[in-house]
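For reference, the chains in residue letters:
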Amino acid sequence: MHSGNVSGVDGDIVYIKPSGMDYDLMKPESMVPVSLSTGMVVGSELRPSVDLPHHLFLYRNDPAVRAVVHTHSNYATAFAAQHRSIPLVLTAIADEFGGEIPCTPYIDNEGENIGLGIFKYRTQAPAILLGNHGVFAWGGSVKDALKAAVMVEDVAKTAHLAYQLGEPLRLDPDEALKWWDRYHNRYGQS
Ligand SMILES: [Zn+2]
């Protein structure tokens, strides 16, 4: 329906999902432009997502972040319900995230608390689980942030299935960094 949200930044303008609008009713022009510097809506009658402060915090405090996706996707959020990181048990996790996907304790959504919590607990991974809540993923483009969010859910599902068979085996963290480096620097077509 309308849970979760997404934004991307272009210059001083953050384009963010409107509050409480169902996805199947949204058009590109429904995205709400907000000034990154002032936090004010620019030329739209629609109200921005209530999670706007968290998106603004990430953009203002990490210039490498150009897009943010927030979901309550089922498998990843199941880990968040238990305050569990998604463990480093797959090469796909090493490729995309470089190590386990961390999980914060419960954080309320007042002011900058979520942004501060993300910065306190994040690793090099472009995503984090918020305890009892869901997923925040980000990237240097909307496509990268979306991919990170999709990959969190995909590896959370596989990790969940692995737990049904017993305790999954961890990858060595140094080995994971080799996969991360190859995937980020030498993988694909030049
Ligand atoms: Zn949420």
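Everything numeric here is computed off the predicted structure, so don't read it as measured data. (Residues numbered from 1 in each chain as written. Predicted model: local features only at pLDDT ≥ 70, side-chain atom pairs only at ≥ 80, totals over all residues.)

*Asks:* Quick rundown of the overall build of the protein chain? Include the residues and the values.
*Replies:* Across its full length, the protein chain carries six helices and seven strands. Counting from the amino terminus, helix and strand elements in the protein chain follow one another as β-β-β-α-β-α-α-β-α-β-β-α-α. Counting every position in the protein chain, which comprises 190 residues, the buried fraction comes to 37%. Pairs at least 24 apart in sequence give 59% of the contacts found in the protein chain among residues at least 6 apart. (Helix = DSSP H or I, 4+ residues; strand = E, 2+ residues; numbered from the N terminus. Buried ≥ 20, exposed ≤ 12 C-beta atoms within 10 Å, placed from the backbone. Contact = placed C-beta atoms within 7 Å.)

*Asks:* Pulling in residues and values, what's your account of helix α2 (residues 74-81)?
*Replies:* Residues Ala76, Phe79 and Ala80 constitute the buried set of α2. Take α2 and look down its axis: the buried residues cluster within an arc of 100°, on one side only. Of the surrounding secondary structure, the elements contacted by the buried residues of α2 are β5 (103-106), β6 (127-131), β7 (134-139) and α5 (142-164). Of the residues flanking the end of α2, it is histidine 83, one or two places downstream, whose phi is positive at about 55°. (Arc of directions from axis to C-beta.)

*Asks:* Tell me about the nonpolar core, and name the residues and values.
*Replies:* In terms of nonpolar packing, the biggest core is built from 47 residues, with Ala127, Leu129, Phe136, Ala137 and Val152 touching the most fellow members. Ranked by the residues each element gives to this core, the list is headed by α5, at eight residues. (Core = buried A, V, L, I, M, F, W, Y, C linked by C-beta atoms within 7 Å.)

*Asks:* With reference to specific residues and values, describe the pairing of strand β4 (residues 67-71).
*Replies:* Of all five residues in β4, five are buried; the element is thus mostly enclosed. Residues Ala67, Val69 and Thr71 of β4 are buried on one face, and the alternating residues Val68 and His70, pointing to the opposite face, are buried as well. In terms of strand pairing, β4 meets β7 through five bridges, oriented antiparallel. Across the sheet, residue valine 69 finds its bridge partner in β7, namely alanine 137. (Pairing = 2+ DSSP bridges.)

*Asks:* Explain the sheet that holds β7 to me, and be specific about the residues and the numbers.
*Replies:* Here we have seven strands laid out as an open sheet, ordered β3-β2-β1-β4-β7-β6-β5, and mixed in their pairing. Only two strands of the sheet have a single partner each, and these edge strands are β3 (32-35) and β5. Geometrically, the sheet is characterised by an average inter-axis angle of 20° between neighbouring strands, direction not taken into account. Here α2 sits on the sheet and contacts β5, β6 and β7; the angle it forms with β6, its principal contact strand, is near 50°. Helix α4 (residues 113-121) rests against β5, β6 and β7 of the sheet, and its axis sits at about 120° to β6. (Axes fitted to C-alpha atoms, helices over the stretch in contact; angles between N-to-C directions.)

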